[in-house]
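Descriptive analysis of the structure
Each chain, written out:
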Amino acid sequence: MTSRTQPATPGEYTGEQGPPGQAPYHPSAAPAHNGHAPLDELNDTMRRIASNVERVIVGKPEVVRIALVTLLAEGHLLVEDVPGVGKTSLAKALARSIDCTVSRIQFTPDLLPSDVTGVSIYNRQSGEFEFRPGPVFANIVVGDEINRASPKTQSALLECMEEQQVTVDTTTYTLDDPFMVIATQNPIEMEGTYALPEAQRDRFTARVSIGYPDQQAELAMVDEHSGHNPLRELEPVSDAATVMRLIRQVRGVHMAPEVRRYAVDVVAATRQVPEIRLGASPRSTLQFVRAARAQAALSGRDFVVPDDLHAVAIPVLAHRLVLTTEAHAARRSATDVVRSVLHRVPVPQGGPALNGQTRR
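Described in the following lines is the structure provided in the data block. (Residues numbered from 1 in each chain as written. Predicted model: local features only at pLDDT ≥ 70, side-chain atom pairs only at ≥ 80, totals over all residues. Heavy atoms only, no water.)

1. Observations concerning the overall build of the chain
This is how it is decided: Here a strand is any run of E in DSSP of at least two residues, a helix any run of H or I of at least four, and the numbering for each starts at the N terminus. Here the term buried applies to any residue with accessible area under 20% of the maximum for its type, exposed to any over 50%, and partly exposed to those in between, with areas from a 1.4 Å probe on protein chains only. Note on areas: these come from Shrake-Rupley sampling with a 1.4 Å probe, and a residue is covered only by the protein chains present in the view.
Tallying secondary structure elements over the chain gives 15 helices and 14 strands in all. For the chain, buried positions account for 54% of its 360 residues. Per element, the accessible surface of the chain, about 16,400 Å² overall, is 51% carbon and sulfur.

And the structure:
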């Protein structure tokens, strides 16, 4: 193992805004419990994790919300922004808040796939090959500056992220639950970087951009962080077993047929926009639905409403779209396209089924 990777050890760590009217999840917000399912533990645990993360990432509750949604949706998070805004700190803070195995990979141009997945080494005493697991064998894997690695090394994560397994020398090894990859990349500095291929980007459930803090948040950061590093003081507030129990609870969040149809219609609409060369994939439809269930659970409901889909649409769908040359020339962004799709696709009207009162 090279010095660029850190082995996993227990408990160690060596979106944009949705449509107007959608209230962001915040640690201090009390969930609206509707009596259908006991979501108290989920909301209490997520509030504690969010509070922990916000000790490090000041003034960005929306970014923290998407990170928690991705965790509960059994997905992977891509943090893309300019240097110095806290991309790696966000990943580290979330990882440290959960008492589980954590590893960090510093991606560089000379990193090899075996540095990520592991390698089989010949043991002279036993006369057999022994597998030495790589840093991907952890509950939370933080990939720093993922676009600095070559496409060959980036592809080592494809099987891990989609199938939660690693195949080395014809032998397949299953990764532990939960499993989450949090990767960072800098979209500005292109020298010595390799753009993520579409297959790799499509495996990330959501993409967030932290952005610069406002002046008040930056002043608070200077006051609180100038004399010490709050990241070093973070203690776990949950564990892997609890997170898996909450994930299973999110899987059972009810989604009415009308809402499921609406989710499919939104994704299908991205494939029919003239400004889009490549629309969202069927994989994105599944992750769109899982993220909406997680958003509903964070809001204290055990059923999904269209607002939950709106709240996660941009982080889940925008990074998967490939715009045409004409759209780039007109300075249209994928975010603009997703917003236009949300305004164009008819929203299902409210009713008993939509509010979780009738079950399929």
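2. Comments concerning the pattern of salt bridges
Note the threshold: We count a salt bridge whenever a side-chain nitrogen from Lys or Arg sits within 4 Å of a carboxyl oxygen from Asp or Glu.
Applying the stated criterion across every chain yields a total of 16 salt bridges. Arg-320 is paired through a salt bridge with Asp-202; the nearest N and O atoms lie 2.8 Å apart. Separated by 118 residues along the polypeptide, Arg-320 in the loop between α13 (306-317) and β14 (322-323) and Asp-202 in the loop between α7 (198-201) and β11 (206-208) bring together distant segments of the chain. Across the pair, Asp-202 and Arg-320 agree in class, each one buried. Its salt-bridge partner being Arg-332, residue Glu-275 comes within 2.7 Å of it at the nearest N-O pair. In this pair, Glu-275 sits in the loop between α11 (257-270) and β13 (276-278) while Arg-332 sits in the loop between α14 (325-329) and α15 (334-344), placing the two residues 57 residues apart along the sequence. The exposure class of Arg-332 is partly exposed, given its relative accessible area of 28%.

3. Considering the packing of aromatic side chains
We count it as follows: Think of it this way: a Phe, Tyr or Trp ring, Trp meaning its six-membered ring, pairs with another when their centres are within 6.5 Å, and the plane angle makes it stacked under 30 degrees, edge-to-face over 60, tilted otherwise. A ring is scored as having a charge over it whenever the NZ atom of a lysine or the CZ atom of an arginine sits within 6 Å of its centre and within 35 degrees of its normal.
By the definition in use, this model includes four aromatic pairs. Ring centres of Tyr-122 and Phe-129 lie 5.2 Å apart, and the angle between their planes is 65 degrees; this geometry places the pair in the edge-to-face category. Judged by relative accessible area, which is 44%, Tyr-122 ranks as partly exposed. A relative accessible area of 61% means that Phe-129 is categorised as exposed. On the basis of an interplanar angle of 75 degrees and a centroid distance of 6.3 Å, the ring pair of Phe-137 and Tyr-173 is categorised as edge-to-face. Taken together, the residues span a long stretch of sequence, with Phe-137 in the loop between β6 (128-133) and β7 (140-144) and Tyr-173 in strand β9 (residues 171-174) at a distance of 36 residues. The exposure class of Phe-137 is partly exposed, given its relative accessible area of 21%. Ring pairing ties together the aromatic residues Phe-131, Phe-137 and Tyr-173, which thus form one cluster. Over the aromatic face of Phe-303 sits the side chain of Arg-301, whose NZ or CZ is 5.7 Å from the ring centroid.

4. Structural notes on the packing of helix α1 (residues 40-54) against helix α2 (residues 61-72)
The following threshold applies: For helices, the fitted line uses only the C-alpha atoms of the stretch in contact; every axis is such a line through C-alpha atoms, and the angle between N-to-C directions lies from 0 to 180 degrees. Angle categories are assigned with fixed cut-offs, so that under 35 degrees is roughly parallel, over 145 is roughly antiparallel, 65 to 115 is roughly perpendicular, and the rest are oblique. What makes a crossing left-handed is the near helix being turned counterclockwise from the far one by less than a right angle; a clockwise turn instead makes it right-handed. A contact between two residues is defined here by any heavy atoms of the two lying within 4.5 Å. Each residue receives one of three labels: charged for Asp, Glu, Lys and Arg, nonpolar for Ala, Val, Leu, Ile, Met, Phe, Trp, Tyr, Cys and Pro, and polar for the others, Gly being one of them.
At a closest axis distance of 10 Å, the pairing of α1 and α2 adopts a crossing angle of 130 degrees. One way to sum up the angle between α1 and α2 is to call them oblique. When you trace α1 past α2, the crossing you get is right-handed. On the side of α1, the interface is formed by Leu-42, Met-46, Ile-49, Ala-50, Val-53 and Glu-54, while α2 contributes Pro-61, Val-64, Leu-68 and Leu-72. Partitioned by chemical class, the residues of the contact of α1 with α2 number nine nonpolar, no polar and one charged.

5. Quick word on the nonpolar core
Note the cut-off: Grouping buried Ala, Val, Leu, Ile, Met, Phe, Trp, Tyr and Cys residues that are joined through side-chain atoms within 4.5 Å yields what is termed a nonpolar core.
In terms of nonpolar packing, the biggest core is built from 80 residues, with Leu-77 and Phe-288 touching the most fellow members. If we skip the residues at most four places from it in the chain, Phe-288 touches Ala-263, Val-266, Val-267, Leu-309, Val-312, Ala-313, Val-316 and Leu-317. In this structure, Phe-107, Val-116, Leu-196 and Phe-204 belong to the second largest nonpolar core, which totals 23 residues.

6. Quick look at the pairing of β6
Convention followed: The pairing criterion for strands is at least two bridges between them, as found by DSSP.
Bridge count for strand β5 (residues 118-123) against β6 is six bridges, and the pairing is antiparallel. For Asn-123, the partnering residue across the bridge sits in β6 and is Glu-128. Connecting β5 to the next strand, β6, in antiparallel fashion are four residues, including Gly-127 with a positive phi near 70 degrees.

7. Brief notes about the side chain of Thr-184
Formally: Any pair of N or O atoms that falls within 3.5 Å is considered a polar contact. Within protein, one atom must be able to donate a hydrogen and the other to accept it, and sequence-neighbouring residues count only if both atoms are side-chain atoms.
Relative to the elements of secondary structure, Thr-184 occurs in strand β10 (residues 180-185). Within the structure, Thr-184 has its side chain in polar contact with the side chain of Asp-144 (distance 2.7 Å). Setting aside residues no more than four positions away along its own chain, Thr-184 makes contact with Val-79, Lys-87, Thr-88, Gly-143, Asp-144, Glu-145 and Ile-146.

8. Notes on the packing of α2 against α13
At a minimum axis distance of 11 Å, the contact between α2 and α13 shows a crossing angle of 85 degrees. Between α2 and α13, the crossing angle belongs to the class labelled roughly perpendicular. Across the interface between the two elements, Arg-65, Ile-66 and Val-69 of α2 pack against Ala-311, Val-312 and Pro-315 of α13. Of the residues that constitute the contact of α2 with α13, the class distribution is five nonpolar, no polar and one charged.

9. Examining unusual backbone geometry
A cis geometry characterises the amide bond from Asp-177 onward to Pro-178, with omega recorded as -10 degrees. Despite not being glycine, Glu-74 shows a phi value in the positive range, around 60 degrees. Within the secondary structure, Glu-74 is located in the loop between α2 and β2 (77-80). In this model, Glu-145 sits at a positive phi of 55 degrees, which is unusual for a non-glycine residue. Tracing the backbone shows Glu-145 in the loop between β7 and α5 (151-154). For Glu-145, a relative accessible area of 26% gives the class partly exposed.

The quantities given are spatial measurements derived from coordinates; they are silent on function.
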